[in-house]
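Structural description and commentary
What follows is the residue order along each chain.
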Amino acid sequence: MVGAPAPALVRDIVWNLRLPRVVIAGAVGTGLAVAGCVLQGVFRNPMADPGVLGVSAGAGLGAVIAIYAGLGVRSLWSLPGIAFAGALLTAATVYGLATRAGRTPVLTLLLAGIAVGSLLTSAIGLVMILAHEVQIQTMLLWLMGGFDGETWQQVAVAVPVILAGSAASLLFARELNILATGEESARGVGVPVEWTKRALLALCALVTAAGVSVSGTIGFVGLLVPHMLRLIVGPDHRGLLPASAVGGAAFLILADLGARLVIRPAEISVGVITSFLGVPFFLYLLRRQRGGMGL
Amino acid sequence: MSAEALRVAQGVWVRGLRLSAGGREILRGVDLEAAPGELVGLVGPNGAGKTTLLRALAGYLPADAGEVRVAGADPRRLRARNLGRLLAQVPQVATLDLDFSCLEVVLMGRYAHLRPLQRQEGPGDLAAARSALAAAGLREREADPVAVLSGGERQLLLLARALAQDASVLLLDEPTANLDLRHRLAALDLVRGSVALGMTAVAAVHDLELAARYCDRIVLLAGGTVLAAGRPEAVLTPAAIARAFGVTVSTFPDPMTGAIRLSVLGRAES
């Protein structure tokens, strides 16, 4: 550090480097946590997270292809655009594969998502084998996820999509509560089950795609935050979804802060921080599930 | 209004229903009628088409041919929410290992009566849910999480949820399966109580003696067709039971209740 920096420089750093980063981290945290909470409800499975539709793997493949093709990492319409397209395309494929005669059984959807996701993960590996060493470095950094180098331009494109999608998901709180009792049971009281699932899956795919396309794949926020909050505010989605929105934002902003500060002046990828917190929690859930894990 | 017209307008009315699933014809021309104030039991062996018929009544399965009317409407043509105001269902399976309270689960039955996006149920919804809980004998459990209820109590709770729905038609799929004696009677008494208030109820029932005692009329299904329909003592004859179930029985009136009782003698020659 060289004395006190000029006020103009400080303003520039805060306004143009730090602030967009915090805004994106918060929005992505909101989006991932809300999507995770919604998907856990739709799948009636506590292990569901925003990755189950293959969205993250699709975005990842889009990103490594963009990097391999030499497209600018931070130019808005190249890498994030291709990652976004890859994410949505994957979600649509998974949904299409799992749908038959207008019905989408959640177990089929889950398996199709896992299958397509692992195929795409292999494809990512394949692209990386072909890639140049410098490119591989960039790919790995992207795949691990992070918020460095976010710009206001990215905020302007991604944040409204994420927040609008998350807000729309909140409108389905009652349907999610009733779906917890089972689809046949929800249909019995008049819930339009297939329509509700379709709307919610589309919103989750959109929110997750917008998030991962600007920040890379950040694991476990969508799994961890809804579960922590379920323990605190209970299973009612009318409270749980807003709590996840706020909690997800706070969690990722803090994790990003940790990523910048833990080994200063170097920076750990925020995906590493969230996974180091997330994996032990995931294992704890796994141990608990045998005793009957409610949603 | 003639009795026939009343059945079509308010009850359940099915004519010539054919329905296949997975390339197999499950219902081969089924007629069914249930009028307001009537509990109709669907009986028959496994695979006879009882559950499929109930699903068709709920508009969940498309018919190949024939007509289905529930409270005067074709359930396939109604929006789920509108159907939910006409038709309540007690599902065969529901997940109730949840942290929701009993009152919250019964309030879910009010879904079809809420405006879209309405956040909180109104006093009318709460009153309907509380009175349904009371009718099911679960008034004191209202604040308990549903996860702590016994199997019998859960079934009564699902019945209460269906009654809170304030529909004119009630469909039940095996409402007494896996229940002990006391809860079986409690569940069917609850259904009879609603039927006495003018509801139309159609229930798939495995236990023939229970069906004979509680149902006004019985429809005996086998192989996707109706073998017999009418008053229990007219339908549950040794000949019809032998044809439908492949067992030899002898029937007699219960000395205490007068309802049909069965003595199962063995499997019939096939």
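Residues numbered from 1 in each chain as written. Chains lettered and ligands numbered in written order. Predicted model: local features only at pLDDT ≥ 70, side-chain atom pairs only at ≥ 80, totals over all residues.

1. A short note on the overall build of chain A
Filter applied, for reference: Strands here are runs of E lasting at least two residues and helices are runs of H or I lasting at least four, both read from the DSSP assignment and numbered beginning at the N terminus. When we talk radius of gyration, it's over C-alpha atoms, and the globule rule is simply 2.2 Å times the number of residues to the 0.38. With C-beta atoms placed from the backbone, a contact is any residue pair whose C-beta atoms sit within 7 Å.
Each helix and strand in chain A was counted, giving 12 helices and zero strands. Reading the secondary structure of chain A in the N-to-C direction produces α-α-α-α-α-α-α-α-α-α-α-α. What you see for chain A is a C-alpha radius of gyration of 19 Å, in line with the 19 Å of a compact globule of 295 residues. Each of the three principal axes of chain A carries a C-alpha extent, and together these read 70 × 40 × 35 Å. Of the contacts formed within chain A by residues at least 6 apart in sequence, a portion of 79% connects residues at least 24 apart.

2. Side note on the sheet that holds strand E8 (residues 217-222) of chain B
Residue and element names in this part refer to chain B. Where we set the bar: A pair of strands is treated as paired once DSSP finds two or more bridges between them. Only the stretch in contact is used when a helix axis is fitted, and all axes are lines through C-alpha atoms; the angle between N-to-C directions ranges over 0 to 180 degrees.
Ordered by their spatial adjacency, six strands build an open sheet running E5-E6-E7-E3-E8-E9, and the pairing between neighbours is mixed. Edge positions in the sheet fall to strand E5 (87-90) and strand E9 (225-230), since each of these pairs with one other strand and no more. On average, each strand axis in the sheet is inclined to that of its neighbour by 15°, with strand direction left out of account. Bridging between E5 and strand E6 (residues 169-173) involves four bridges; their strand directions are parallel.

3. Some points on the nonpolar core
Under the convention used in this document: Under the definition applied here, buried Ala, Val, Leu, Ile, Met, Phe, Trp, Tyr and Cys residues are grouped into a nonpolar core through C-beta atoms within 7 Å. For every residue, the other C-beta atoms within 10 Å of its own C-beta are counted; 20 or more classify it as buried, 12 or fewer as exposed, and values in between as partly exposed. C-beta atoms are placed from the backbone.
The biggest cluster of nonpolar side chains holds 178 residues, and the ones touching the most others in it are B:Val106 and B:Ala160. For this core, the element with the highest residue contribution is helix H1 (residues 7-43) of chain A, accounting for 13 residues. Setting aside residues no more than four positions away along its own chain, B:Ala160 makes contact with B:Val106, B:Ala132, B:Leu133, B:Ala135, B:Ala136 and B:Leu138.

4. As for the interface of chain A and chain B
Heads up, the condition is: Under the scheme applied, nonpolar residues are Ala, Val, Leu, Ile, Met, Phe, Trp, Tyr, Cys and Pro; charged residues are Asp, Glu, Lys and Arg; polar residues are all the others, including Gly.
Each partner contributes residues to the interface: chain A has 21 residues there, and chain B has 28 residues. Going through the elements one at a time, helix H7 (173-179) and helix H8 (183-188) of chain A are the ones with two or more residues in the side of chain A that touches chain B. Broken down by element, the residue count for the side of chain A that touches chain B peaks at four residues, all from H8(A). Counted by class, the side of chain A that touches chain B contains seven nonpolar, nine polar and five charged residues.

5. Quick word on helix H6 (residues 152-170) of chain A
Residues and elements named next belong to chain A. Quick note on the threshold: Expected span of a helix: the number of residues minus one, times 1.5 Å. The term bend refers to the angle at a residue between two fitted axes, each drawn through seven residues, those ending there and those starting there.
Here H6 spans 26 Å end to end across 19 residues, near enough to the 27 Å set by a 1.5 Å rise per residue. Along H6, the sharpest change in direction is near 30° and occurs at Ala158; proline Pro160 comes one to four residues later. Along H6, the residues that are buried comprise Gln154, Ala158, Val159, Ile162, Gly165, Ser166 and Ser169. If you follow the buried residues of H6, they end up packed against H1, helix H3 (79-98), helix H9 (193-215) and helix H11 (237-261).

6. Digging into the pairing of strand E2 (residues 24-34) of chain B
Residues and elements named next belong to chain B. One ladder, built from eight bridges, connects strand E1 (residues 12-21) with E2; its direction is antiparallel. Looking at E2, one finds that Trp13 is bridged to Glu33. Connecting the antiparallel pair E1 and E2 is a turn made up of two residues, with Gly22 showing a positive phi of about 60°.

7. Focus: the environment of A:Ala85
Tracing the chain through its elements places A:Ala85 in helix H3. Along the chain, A:Ala85 and A:Ser213 lie 128 residues apart, while their C-alpha atoms are 8.8 Å from each other.

8. Some thoughts on the packing of helix H10 (residues 221-233) of chain A against H11(A)
Residue and element names in this part refer to chain A. Put simply, the rule is: Our angle categories are set so that under 35 degrees counts as roughly parallel, over 145 as roughly antiparallel, 65 to 115 as roughly perpendicular, and the remainder as oblique. Crossings are assigned a handedness: left-handed for a near helix turned anticlockwise from the far helix by less than a right angle, right-handed for a clockwise turn.
In the contact formed by H10 and H11, the axes pass within 9 Å of each other and the chain directions differ by 125°. If you check the angle between H10 and H11, you find them oblique. Every pair of crossing elements has a handedness; the one defined by H10 and H11 is right-handed. Along the contact surface, H10 presents Val221, Val225, Pro226, Leu229, Arg230 and Val233, while H11 presents Gly239, Leu240, Ala243, Ser244, Gly247, Gly248, Phe251 and Leu252. Here the contact of H10 with H11 is built from residues that sort into nine nonpolar, four polar and one charged.

9. Focus on the sheet that holds E2(B)
All names here are of chain B. Ordered by their spatial adjacency, three strands build an open sheet running E2-E1-E4, and the pairing between neighbours is antiparallel. A strand with exactly one partner marks an edge of an open sheet, and here the two such strands are E2 and strand E4 (65-70). Strand after strand, the sheet turns through a mean of 25° between neighbouring axes, direction not considered. Alignment of E1 against E4, held across five bridges, turns out to be antiparallel. The residue of E4 that forms the bridge with Trp13 is Arg69. Contacting E1, E2 and E4, helix H2 (residues 50-57) runs over the sheet at an angle of about 115° to E1.

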